[in-house]
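As a plain string of letters, each chain reads:
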Amino acid sequence: MTMRGPGFLVVAAAAALAGGAAFAQIPLFNVVTGEPLDLSFALEEGRDTEAVTTFLQTGVNIYNEKADVLPSGEELYLTACSGCHGHLAEGKIGPGLNDDYWTYQGNDTDAGLFRTIYGGAQGQMGPQYGHLTLDEMLRVMSWIRHVYTGAPETATWLTAEQRAAFAPYVPPPHAEDPDGGPD
Ligand code: HEC
């Protein structure tokens, strides 16, 4: 292979999930071991949506702040993550995901958040590639970003326009408290 220009990268991205070991164009590695993440472990479904293709090439999650995507992101989050990370991502067995403190550097980028979710971290944070499709991971990520309680200017994963409109998440008043009401 002598030509490794941008054209090659785009072709490689399109072919990335076709078979064999598959690696993205954005830096995706296991946050604990540093090994590159092999995307061929991903579930068959949801590999080739526009969001996944865009994300693997650019690291941009086009689902962020998309009103028609957030409900599915919330549902997936409540099924797959809230038991350990809390109803509002405030933290429980696992750390809070709704503030600007991160154990793993880079989780303030969507590539970083994805690699922690796809490849897992330590202890009970196992890899999620067997539970969620790649497209579902991007949906969950959009929900996690939506419930962010930090200052809008620290929401660096948003576009400048989205950031200007972003307000820290306030749960709706009718949200049921899973612990049985206020204490
Ligand atoms: C069985 C419990 C469990 C489940 C389910 C779980 N996690 Fe975790 N998660 C943890 C624990 C424990 C850690 C801390 C691991 C570490 O520090 O290495 C963690 C860490 C993380 C981190 C790193 C946070 C940081 O500060 O850098 C992210 C991001 C994360 N989880 C996202 C998710 C998402 C999204 C889901 C659902 C798809 C999920 N987790 C499901 C237990 C869980």
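Look a little higher up for the structure.
Keep in mind that what you see is a predicted model, and the values were worked out from it rather than measured. (Residues numbered from 1 in each chain as written. Predicted model: local features only at pLDDT ≥ 70, side-chain atom pairs only at ≥ 80, totals over all residues.)

(A) Expanded view of the overall build of the protein. Counting secondary structure elements, the protein contains seven helices and zero strands. Along the protein, helices and strands appear, N-terminal first, in the series α-α-α-α-α-α-α. Buried residues in the protein amount to 28% of all 183 residues. Pairs at least 24 residues apart make up 57% of the contacts formed inside the protein by residues separated by at least 6 positions. (Helix = DSSP H or I, 4+ residues; strand = E, 2+ residues; numbered from the N terminus. Buried ≥ 20, exposed ≤ 12 C-beta atoms within 10 Å, placed from the backbone. Contact = placed C-beta atoms within 7 Å.)

(B) Region of interest: the site of the ligand. Neighbouring the ligand are 24 residues; Cys81, Cys84, Gly94, Ala121 and Gln122 lie closest to it. Elements with a minimum of two residues in the shell around the ligand: helix H4 (82-85) and helix H5 (110-119). Each residue belonging to the shell around the ligand can be placed in one class, and the counts come to 14 nonpolar, ten polar and no charged. (Near = placed C-beta within 6 Å. Nonpolar A, V, L, I, M, F, W, Y, C, P; charged D, E, K, R; others polar.)

(C) A look at the nonpolar core. Membership of the largest hydrophobic core comes to 30 residues, with the highest contact counts inside it found for Phe114, Met137, Leu138, Val140, Met141 and Ile144. The leading source of residues in this core is helix H6 (residues 134-146), at seven residues. Among all residues touching isoleucine 144, those that are not within four sequence positions of it are Tyr77, Ala89, Leu97 and Leu113. (Core = buried A, V, L, I, M, F, W, Y, C linked by C-beta atoms within 7 Å.)

(D) The arrangement of unusual backbone geometry in detail. Although it is not a glycine, glutamate 65 sits at a positive phi angle of roughly 60°. Phi is positive for alanine 89, which is not a glycine, with a value near 65°.

(E) Spotlight on the packing of H5 against H6. It is at 10 Å that the axes of H5 and H6 come closest, and there the two elements cross at 120°. With respect to H6, the element H5 is oriented oblique. In this structure, H5 crosses over H6, and the sense of that crossing is right-handed. Residues Asp110, Leu113, Phe114, Ile117 and Tyr118 of H5 form the contact with H6, whose own contacting residues are Met137, Val140, Met141 and Ile144. (Axes fitted to C-alpha atoms, helices over the stretch in contact; angles between N-to-C directions. Parallel < 35°, antiparallel > 145°, perpendicular 65-115°, else oblique. Left-handed = near helix turned anticlockwise from the far one by under 90°.)

(F) View of the packing of helix H3 (residues 70-80) against H6. Between H3 and H6, the least distance of the axes is 7 Å, while the angle of their chain directions is 95°. Viewed along their axes, H3 and H6 adopt a mutual orientation that is roughly perpendicular. Facing H3, whose interface residues are Leu70, Ser72, Gly73, Glu74, Leu76, Tyr77 and Ala80, H6 presents Glu136, Arg139, Val140, Ser142, Trp143, Ile144 and His146. Here the contact of H3 with H6 is built from residues that sort into seven nonpolar, four polar and three charged.

(G) Molecular detail of H3. Of all the residues in H3, the buried ones are Gly73, Leu76 and Tyr77. Buried residues of H3, seen end-on, are gathered within an arc of 100° and therefore sit on one face of the element. For H3, the elements touching its buried residues are H4 and H6. (Arc of directions from axis to C-beta.)

(H) Molecular detail of the environment of arginine 47. Tracing the backbone shows arginine 47 in the loop between helix H1 (6-15) and helix H2 (50-58). It is 9.7 Å that separates the C-alpha atoms of arginine 47 and glutamate 136, two residues lying 89 residues apart in sequence.

By themselves, these figures tell us nothing about what the structure is for.
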